[in-house]
Amino acid sequence: MSVTSGGPTGAASPASPELDPGSWAGLLTPRLAQFAAVARHEHITRAARELGVPQSTLSRAMARLEADLGVALLARHGRAVSLTPAGRTFARSVEQALGEVERAAEAVLADTDPAAGRVAFGFLRTMGPETVPGLIREFRADHPRVRFSLVQGYGEHMVERLRRGELDLCLISPIPEAPDLVARRLDEQRLYLVVPQDHRLAARKRVRLAEAADEAFVTLEPGYGMRRLTEELCRRAGFAPKVAFEGDETESLRGLVAAGLGVSLLPPPTVPRPGVRELTVIAPRAVREIGVVWMAGRPDPRPVAEFKRFLLGRRGRLLADER
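Residues numbered from 1 in each chain as written. Predicted model: local features only at pLDDT ≥ 70, side-chain atom pairs only at ≥ 80, totals over all residues. Heavy atoms only, no water.

**Side note on the overall build of the chain**
Now for step 1: When helices and strands are tallied, the chain shows nine helices and 13 strands.
Now for step 2: At a minimum sequence separation of 6, the contacts of the chain that also span at least 24 residues come to 69%.
Now for step 3: Counting only carbon and sulfur atoms, one obtains 52% of the accessible surface of the chain, whose full area is about 16400 Å². (Helix = DSSP H or I, 4+ residues; strand = E, 2+ residues; numbered from the N terminus. Contact = heavy atoms within 4.5 Å. Areas by Shrake-Rupley, 256 points an atom, 1.4 Å probe, with all protein chains shown as cover.)

Shown next as structure tokens:
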């Protein structure tokens, strides 16, 4: 048997079909899922809680992993940790490897029981309270044994997780264009200028966005699709928004508006928010496109294919309850 010079003594070459106990894979595999959890949470206690193991056990496992590799993967700050540059590199590869294992297991399950299985589905936070639960309820009426792993996030984060194999599909805005992705437009969602209830425009039902050119804006942080869309709509209205506050969740932004700290461009609220008024923007046309995205060329297990078909069948009706 050939051996590699960089691995443990007696490590099998990548071409070897068996998992040699002395290989890197044989040595590290039992701790990869533990490291992935620590990397996601950057906190030993929260990762241990997710895994259902004692914190001390997980801490020792991470120390052994670093000792085996001879590389520092984590910088420790009490119970919190952060990934070193080597840790970030290792974490990306570990997530990809675990994703491949997960997909392999799901493919086997789909072959033996095509009515069951799991769909890893990502979606925008604003879709979470009503739209996504309604979609899943409707889908499971005909596919009651399909399980869902649900992830809320913003567009760039979900695309990263798609590429790492952690998600099968995601509901996203803006709709990305990339050669390794397949994207389909499903619907569009109206955006509103949200102002405090005592604002000079609050008595209006419709406004031109240019009328808010002198206002302070509260927006999502850079990297969010809504932030880019806000800046683009303001540019089309002839001004650059003066950003006073940034956040990572739309209802928190509504709270800042209610406190009189600015105005914001936002999708409709899940429930009416006291202290604000939602004004229709008539110029420029203020909407965001909602689409579904998946990886090009990646085979779909049966449940994923069925759910993808279901979503594509909702074109133009995804947000029907908002109209």
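We are not done yet, so read on.
**A word on the pairing of strand β13 (residues 287–295)**
Now for step 1: Of all nine residues in β13, eight are buried, a share of seventy percent or more.
Now for step 2: Here strand β5 (residues 169–172) runs beside β13; their pairing, made up of three bridges, is antiparallel. Bridging from a neighbouring strand, Leu171 pairs with Val292 of β13.
Now for step 3: By the bridge criterion, nine bridges tie strand β6 (residues 181–190) to β13 in an arrangement that is antiparallel. In the sheet register, Arg184 faces β13, and the bridge partner there is Val292. (Buried < 20%, exposed > 50% of the residue type's maximum accessible area, 1.4 Å probe, protein only. Pairing = 2+ DSSP bridges.)

**Describing the packing of helix α2 (residues 44–51) against helix α3 (residues 55–69)**
Now for step 1: The contact between α2 and α3 brings their axes to 9 Å, and the two run at 110°. As the angle between them shows, α2 and α3 are arranged roughly perpendicular. Contacts from Ile44, Thr45, Ala47, Ala48 and Leu51 in α2 reach Gln55, Leu58 and Ser59 in α3.
Now for step 2: Per-class residue counts for the contact of α2 with α3 are five nonpolar, three polar and no charged. (Axes fitted to C-alpha atoms, helices over the stretch in contact; angles between N-to-C directions. Parallel < 35°, antiparallel > 145°, perpendicular 65-115°, else oblique. Nonpolar A, V, L, I, M, F, W, Y, C, P; charged D, E, K, R; others polar.)

**Things to note about the sheet that holds β6**
Now for step 1: Taken together, the five strands give an open sheet; going across it, the order is β4-β3-β5-β13-β6, and neighbouring strands pair in mixed fashion. The open sheet terminates on both sides in strands that have one partner only, identified here as β4 (146–153) and β6. Between one strand axis and the next, the sheet turns by 20° as a mean value, whatever way the strands run.
Now for step 2: Across eight bridges, the pairing between strand β3 (residues 117–124) and β4 is parallel. The partner of Arg118 across the bridge, within β4, is Arg147.
Now for step 3: Contacts from helix α6 (residues 155–163) reach β3, β4, β5, β6 and β13, with the element oriented near 165° to β5.

**Side note on helix α8 (residues 250–258)**
Now for step 1: Among the residues of α8, Thr250, Leu253, Arg254, Gly255 and Val257 are the ones counted as buried.
Now for step 2: Buried residues in α8 make contact with β7 (192–196), β9 (216–220), β10 (242–247), β11 (264–266) and β12 (276–283).
Now for step 3: Regarding α8, its N-cap is Glu249, as a side-chain oxygen of that residue lies 3.2 Å from the backbone nitrogen of Glu251 further along.
Now for step 4: Gly260 sits one or two residues past α8 and shows a positive phi near 80°. (Polar contact = N/O pair within 3.5 Å; in protein donor to acceptor, adjacent residues only side chain to side chain.)

Take it as geometry only, folks, not as evidence of what the structure does.
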